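Notes for the structure review
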Amino acid sequence: MASPGQDVKDLKAFDGQEVDSLMKTYASSTSSAWRTQVKEKFYGCDPELETLKSKKIQWQSDMIQFDGTPWILMGRKVLSCHQGPDLDKAAKIKRKKEREAKNDHDCHSKHRHLAQDTKKMDCTAKIQVRHAVKFTQFKILEDTEFKRRKAARTIKETLLKGGIVETQSVYYIRFPDENCNVVKIPNENQKFVFFASHPWPP
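Residues numbered from 1 in each chain as written. Predicted model: local features only at pLDDT ≥ 70, side-chain atom pairs only at ≥ 80, totals over all residues. Heavy atoms only, no water.

**A closer look at the sheet that holds strand β4 (residues 126-135)**
Overall, antiparallel pairing links the 5 strands, which are arranged β1-β5-β4-β3-β2 in an open sheet. The strands lining the two open edges of the sheet, one partner per strand, are β1 (13-14) and β2 (34-39). Of the strands in this sheet, β1, β2, β3 (71-81), β4 and β5 (167-174) are in contact with helix α1 (residues 16-29), which crosses β5 at around 15 degrees. (Pairing = 2+ DSSP bridges. Helix = DSSP H or I, 4+ residues; strand = E, 2+ residues; numbered from the N terminus. Contact = heavy atoms within 4.5 Å. Axes fitted to C-alpha atoms, helices over the stretch in contact; angles between N-to-C directions.)

Dropping the structure here:
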């Protein structure tokens with residue numbers, strides 16, 4: 001785990017259950033709530049042969065440090081603060097147009113007028129998760145372009161032939177930066193409470 005301002009080496013690998021547990025604990029510890037903004041097709045899926053064959057072999061990224069083991073990215077998941085971008089904006093606009101069209105035909109219909117369409121505060125906090133599948137038996141001890149290419153080629157050839165390779169699914173999670181957006185949100189008693197996202201654990 002790490003915030004965007006920290007080095008990628010601080011990001012550790014977890015299994016799927018650990019990641020879910022970490023996100024729940026983080027939300028509870030920071031009194032925050034999160035909504036899924038992006039979840040790619042193969043995120044969280046078991047690695048099947050056809051999927052592995054279609055993916056690019058990688059060695060490092062902005063969230064996954066090089067450790068000598070090649071991997072493929074199954075997918076990513078991004079969660080945004082519930083006070084962030086309005087993920088239902090398009091649906092709300094559609095419903096509003098439908099109501100207006102209906103009201104044009106029924107002048108006596110009653111509806112509630114909202115002075116504000118959304119309670120969103122444009123908080124920029126995000127939780128980012130990467131799901132990778134590592135090819136543990138092809139770890140290289142010396143980092144050279146030749147060895148990287150050779151290992152990647154061997155993996156691809158093995159997969160194309162339907163051969164068996166040892167794999168390990170791992171997840172990397174990055175929590176919001178401590179300097180992320182801080183906003184004031186009115187609670188049910190109309191008193192303002194501060195909401196902020198902090199790296200966790202402190």
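**A word on the pattern of salt bridges**
All told, the structure shown has 5 salt bridges when counted by the stated rule. Here D67 and K134 are joined by a salt bridge, their closest N and O atoms 2.6 Å apart. Placement of the pair is D67 in the loop between α2 (49-54) and β3 and K134 in strand β4, with a sequence separation of 67 residues. Here R148 makes a salt bridge to D143, at a shortest N to O gap of 2.8 Å. Assessed through its relative accessible area of 18%, R148 is described here as buried. (Salt bridge = Lys/Arg side-chain N within 4 Å of Asp/Glu carboxyl O. Buried < 20%, exposed > 50% of the residue type's maximum accessible area, 1.4 Å probe, protein only.)

**Quick look at the confidence of the model for the chain**
Confidence in the prediction for the chain averages 77 pLDDT; 65% of positions are at 70 or higher. Looking over the chain, one finds the lowest element-wise mean pLDDT in strand β7 (residues 192-196), namely 35, and the highest in helix α4 (residues 145-160), namely 96. Low pLDDT, under 50, characterises residues 1-6; the predicted model gives this stretch 25 contacts beyond four residues in sequence or across chains. Overall, residues 181-202 carries pLDDT values under 50, and its contacts beyond four positions in sequence, including any with other chains, amount to 56 contacts. (pLDDT = per-residue confidence, 0-100.)

**Here's the deal with the side chain of K77**
Relative to the helices and strands, K77 resides in strand β3. Of the side chains with opposite charge, D20 lies nearest to the buried K77, which makes no salt bridge, at 5.3 Å. Ignoring sequence-local partners within four residues, the contact set of K77 consists of T36, V38, K39, Y43, I127, Q128 and V129. (Lys, Arg positive; Asp, Glu negative; His and termini not counted.)

**Here's the deal with the packing of aromatic side chains**
Under the counting rule described, the total for this entry stands at 4 aromatic pairs. For the pair Y26 and W34, a centre-to-centre distance of 5.9 Å together with 45 degrees between the ring planes defines the contact as tilted. Both rings, one in Y26 and one in F175, keep their centres 4.4 Å apart while their planes meet at 25 degrees; by these two values the pair is stacked. Within this pair, whereas Y26 is found in helix α1, its partner F175 is found in the loop between β5 and β6 (182-186), the two being separated by 149 residues in sequence. Residue Y26 shares its accessibility class with F175, and that shared class is buried. (Phe/Tyr/Trp six-rings, centres within 6.5 Å; stacked < 30°, edge-to-face > 60°.)

**Describing α1**
For α1, built from 14 residues, the straight-helix expectation of 20 Å at 1.5 Å per residue is met to within 8% by its first-to-last C-alpha distance of 20 Å. By the burial criterion, the buried members of α1 are V19, L22, M23, Y26 and A27. Down the axis of α1, the buried set is contained in an arc of 130 degrees. They therefore lie on one face. Exposed residues on α1 whose side chains face more than 90 degrees from its buried face are Q17, K24 and S28. Residues of α1 that are buried make contact with β1, β2, β3, β4 and β5. (Expected span 1.5 Å × (residues − 1). Arc of directions from axis to C-beta.)

**Describing the environment of S61**
Of note, S61 is situated in the loop between α2 and β3. Separated by 12 residues in the primary sequence, S61 and L73 place their C-alpha atoms 9.9 Å from one another.

**Let's talk about the nonpolar core**
Generally speaking, a soluble globular protein has its nonpolar side chains buried in company with each other. If you look at the biggest cluster of nonpolar residues, it comprises 17 residues, and the most contacted ones within it are V19, M23, W34, I127, V129, I173 and F175. Of all elements in the fold, only α1, β3, β4 and β5 reach the threshold of two or more residues within this core. The next biggest cluster of nonpolar side chains, apart from the first, holds 14 residues, and it includes L52, I72, V133 and V165. (Core = buried A, V, L, I, M, F, W, Y, C linked by side-chain atoms within 4.5 Å.)

**Some thoughts on α4**
Quick reminder: α-helices carry 3.6 residues per turn. Residues three or four places apart thus point the same way. With 16 residues, α4 ought to run about 22 Å at 1.5 Å a step, and its terminal C-alpha atoms sit 22 Å apart, in line with that. On the buried face of α4, the contacting elements are α2 and β4. Looking one or two residues beyond α4, the residue adopting positive phi is G162, at roughly 80 degrees.

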